[in-house]
Structures are given as structure tokens and as C-alpha cells.
Protein chains: 2
Amino acid sequence: MSPSPLPSLGLIGLGAFGAFARPHLEKLFTVHGHDPARPGGATLAEAAGQPVVVLAVPVARLAEAARAIAPHLRPGALVVEVCSLKVRPLATLRALLPAHVEILGTHPLFGPQSGREGIAGLRLVLCPGTGARGRLAGRMLRRLGLEVVVMTPEAHDRQMAWVQGLTHLLGRVVAGLEMPPLPHTTSSFDQLMRATAMVSQDSEALFRTITEDNPFVEEVKAQLRERMAAVLGAPPAALAA
Amino acid sequence: MSPSPLPSLGLIGLGAFGAFARPHLEKLFTVHGHDPARPGGATLAEAAGQPVVVLAVPVARLAEAARAIAPHLRPGALVVEVCSLKVRPLATLRALLPAHVEILGTHPLFGPQSGREGIAGLRLVLCPGTGARGRLAGRMLRRLGLEVVVMTPEAHDRQMAWVQGLTHLLGRVVAGLEMPPLPHTTSSFDQLMRATAMVSQDSEALFRTITEDNPFVEEVKAQLRERMAAVLGAPPAALAA
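The residue numbers shown here count from 1 along each chain, following its written sequence. Chains carry letters and ligands carry numbers; both start at the beginning, A for chains and 1 for ligands, and go up in the order they are written. Given that the model is predicted, a residue must reach a pLDDT of at least 70 before its local features are reported, and side-chain atom pairs must reach 80 or more before they are shown or counted; all residues, however, enter totals for whole chains, interfaces and linings. Where side-chain values are given, they derive from all heavy atoms of the structure, hydrogens and water being excluded.

Re helix α1 (residues 16-25) of chain B
Residue and element names in this part refer to chain B.
- The rule is simple: take the accessible area with a 1.4 Å probe, protein chains only, and divide by the maximum for that residue type; under 20% is buried, over 50% is exposed, in between is partly exposed. A run of H or I in DSSP counts as a helix once it spans at least four residues, and a run of E counts as a strand once it spans at least two, with each numbered from the N terminus. Residues of α1 that are buried include every one of Gly18, Phe20, Ala21, His24 and Leu25, and no others. Buried residues of α1 fall within an arc of 165 degrees about the axis and therefore sit on the same side.
- Residues count as neighbours in contact if any of their non-hydrogen atoms are within 4.5 Å of one another. On its buried face, α1 is in contact with β1 (8-12) and β2 (30-34). Arc definition: directions from the helix axis to the C-beta atoms.

Here it is in C-alpha cells:
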């Protein structure tokens, strides 16, 4: 008897995150990868015709990808997105995909950098719909060793406005400071530099997703402006000559 | 033969830093501690009459302490200060102390928190004058296991405006943010919180010394204001009803 074959999964987008996720998904699925920028893999119709379809594309390309796969989706397919936001991307998918598919929002709180030594113990936020296949997906993701946290899309975006928004905003502020050489630092300064350096390696597209597309970030920015004015004060008046 | 006695040192100020430093100094000196707020130790005249006198007082109390010890200082005494700034405190001591004493600026880049497990390997900035006793003091401090870094007072204050100023300013900004509960964070967010929590435990007096009394901090504040405006943008215009 031959071993029972793995279920099939279509992976749309083989950029930094898609290429990173592929070998992990291949432990559970036969993966049909498609990326229009990387010919030689599965066709769009093949990848989008699988029972599970993962959209590993940036927020800015999500609507375009949804329109492209829509005609090829089979009834009852599970479509998974991996964006850093949840409310708007899930609304986009619900608006553009056929009603017969199930949609699952996920946000892996890691990436090629933090997951390069393996993904066991790393955290993934799951925003399941009401379908049974979303619950099954949570169990499969746990089998990869991930810590799966279930949240509503709005709770996710509210929390990430602080967790990711604050870190990326302050990282961008610090990265642009023109400091002199500082050979003799303190341990709190060193930690601050490590925290801000980690996020400043991320792409400009991810920075914009996290700090502009999340509606709850406006509250973070408003508090930051207020605190900065309170702590830094107004600039000193120009000295009379 | 009895062992040769340790040299004598007067320690003026037995607050958080003076009390922390005392057992370390007692490895090298017989310490005569004086603090007007803590009766029972040496008198001011006894403490200030030793060949080495350490002023462990905040910047705001330095001039008052200098005036108090001046009449009791013996010719050729070495007076050591431990402020977080160097240019202004050293100028204050030169203006208020008799010309016959040698003045030594030091800044231990540690304190009761970071030095609670021992001070070996921790860093101390030394701003020696031209006298021979300052060089001798550097050798003695190295015997305590410290990494001694020699700098001019101006170089010290310029570097600390960034190392301490930036960390304390951003620490104060973050400490005042009203964040919701955030059970699911990223590692860069956790590092940012650790860095800012470390400095937010320091006293209000130290915060003011580091972020207001150092003239070079104005450049740090100006750059922060500019970067914040660039990254945060202007507040959104009020929506018309």
C-alpha cells in the first residue's frame, strides 16, 4: 500500500514571505506555488484550484490577487491571507471572492528574519470565520509548532497598532537621527538601539501597512505627538542678535 | 609589624549613590562618611579634611556642597565629583573651591540598579585635570575592576546628550502612553519596553540633569522634534460634520 498522499495547497506569491513559508507548508501539504514574477511553477489556475489557497501577497496587492484567483476557486475552498492587518484585508476578500469559499485571516508575528532558525514556539494570530475548516487550519498550524492565538480582526488591529505601530514609528524616528560616534554607551541605550534596528530592516511597504493602513494607529500617533510635545517642549525662541 | 593603614577618604553625601559606592571605596580607603541628613557619621570638617574628598551629591546640590567643604579642605587635597554631567559641574567646583586643591571629574555609567551584582567590568568616565593625583585615581579605580574611559568634559557631555538624553527622553515619552493590555507582543516591542522601563525608574532630579542641564541635549531635542514631525505628520484635519 502507498502512503496516503498529502492534501494539496495553492500558494500565490513567492516573495520573501511566500518563499520562507513554503518549506513549512510542505510538511503538511503538496504545495502548488505560483508567482507571475517567477515563471516555471504552477499556473494561476492550478494554484487557485486547490482545496486550500494561501495568498502570500502584500496588502497593496491583495485586491488584485483576489480578482485574479476568483474565477479559478473551487466551491468550498479555504482561502487564507497572511497580512499584517486584518479588518480591511478580510473585508476586501469578502467583497471580491465568491460566496462559496471560506476565508481565514492569519497574521504570523514572525518572518524570514525572526523565523530563520525555525518557527517552533513562534506566534500566529488567527481570525477564523464561522466555518469548520478554519478550526481545522488552527489545529494544523499548531502541528507546525506555532503558538496560535485566536482574535477578532478588530482586536488584532487595535493591539497591533501599538505592538507593531509604536515600534515601527519609533524605529523610523531613531533611524533618521544623525548621531555622532558613541563608543561608550549604557545598557539601556544599547537595548533601545537593538529594538529600533530590528524593525528598520523591514520593507517600506510593510512600514506603510503597519503605520498608515491600520485605522487604529491614528490614536498611537496622536498620543505620541502629545507626549513628545510634553516631554520635548517647544523649540527655544530664537536669540536676539 | 602591623599592616600599613589604608589611605583616608571623605565621602560627602550618603544618599542612593553614596551609600552604594561606600563599600566599594572601603576596599581601598578608610572612609569618613558625612551626610547632614544622616547624623552619626563623621563631621563635615572631618570628612572634608581628608586627602581625598568625594562629593556624592546631585548636580543641584553641588554648589552648596562645594561652599560647605571649601573652608575645611587641606592644601593639595583631591576633590572628586560623580555628576552625570561634566562641563558645568567642573566649572562650578573650579569657581568655588580653593586653588590649592586638585579637582577630578568622574561619571560612573552605572548605579545602585545596574551595579547591584557587583561593579567589575562596568564603565566609568574620567575627566582628569592636569594633576598627577588624577592619573593615580584612574589606576585605583581600575583596581576595583572598572573599565575607565578618559574623556574631556565637553566630549563627555556631547556623547551623554545622546546616550543618556535620547534614552531618557524616549523613556519618558513611552512611560506616559496610555496603552491597552497587550498580551501578544513581538520581540522588538518587548525590547523597546525593557529599554524604556530601565530609565523610567530613575529619579526626577536625574531626569532633569540629563535632559535639561546638559546644553548639548538641545540638539537631540531639535532632531527628535524634526524626526517626529516627519514620521508622524500633522494631525488629521477635523472632519466636517
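Re the interface of chain B and chain A
- Taken together, the 50 residues of chain B in the interface contact 50 residues of chain A.
- Summed over both partners, buried area is the accessible surface (1.4 Å probe) that two parts give up on being assembled. Across the interface of chain B and chain A, roughly 4800 Å² is buried in total on both sides, 71% from carbon and sulfur atoms.
- Within 3.5 Å is the distance limit for a polar contact, defined as a pair of N or O atoms, with the added protein rule that one can donate a hydrogen and the other accept it, and that residues adjacent in sequence qualify only through two side-chain atoms. The interface formed by chain B and chain A includes twelve residue pairs in polar contact (both at pLDDT 80 or more).
- The leading source of residues in the side of chain B that touches chain A is helix α6 (residues 153-175) of chain B, at eleven residues.

Considerations on the sheet that holds β1(B)
Residue and element names in this part refer to chain B.
- In this analysis, strands are considered paired if DSSP registers two or more bridges between them. Read across the sheet, seven strands follow the order β2-β1-β3-β4-β5-β6-β7 without closing on themselves; strand pairing throughout is mixed. This sheet does not close on itself; its edge strands, each paired only once, are β2 and β7 (147-150). Each strand axis lies, on average, 25 degrees off the axis of its neighbour in the sheet, ignoring direction.
- Taken together, the four bridges between β1 and strand β3 (residues 52-55) define a ladder with parallel strand orientation. Note that in β3 the partner of Gly10 across the bridge is Val53.
- Strand contacts of helix α3 (residues 62-69): β1, β3 and β4 (78-81), with the helix running at about 155 degrees to β3, the strand carrying the most contacts.
- Each of β3, β4, β5 (102-108) and β6 (123-127) is contacted by helix α4 (residues 87-96), which is oriented at about 155 degrees to β5, the strand it contacts most. To obtain an axis, a line is fitted to C-alpha atoms, over the contacting stretch when the element is a helix, and the angle between two such axes runs from 0 to 180 degrees between their N-to-C directions.

As far as function goes, none of this settles anything; it's purely spatial.
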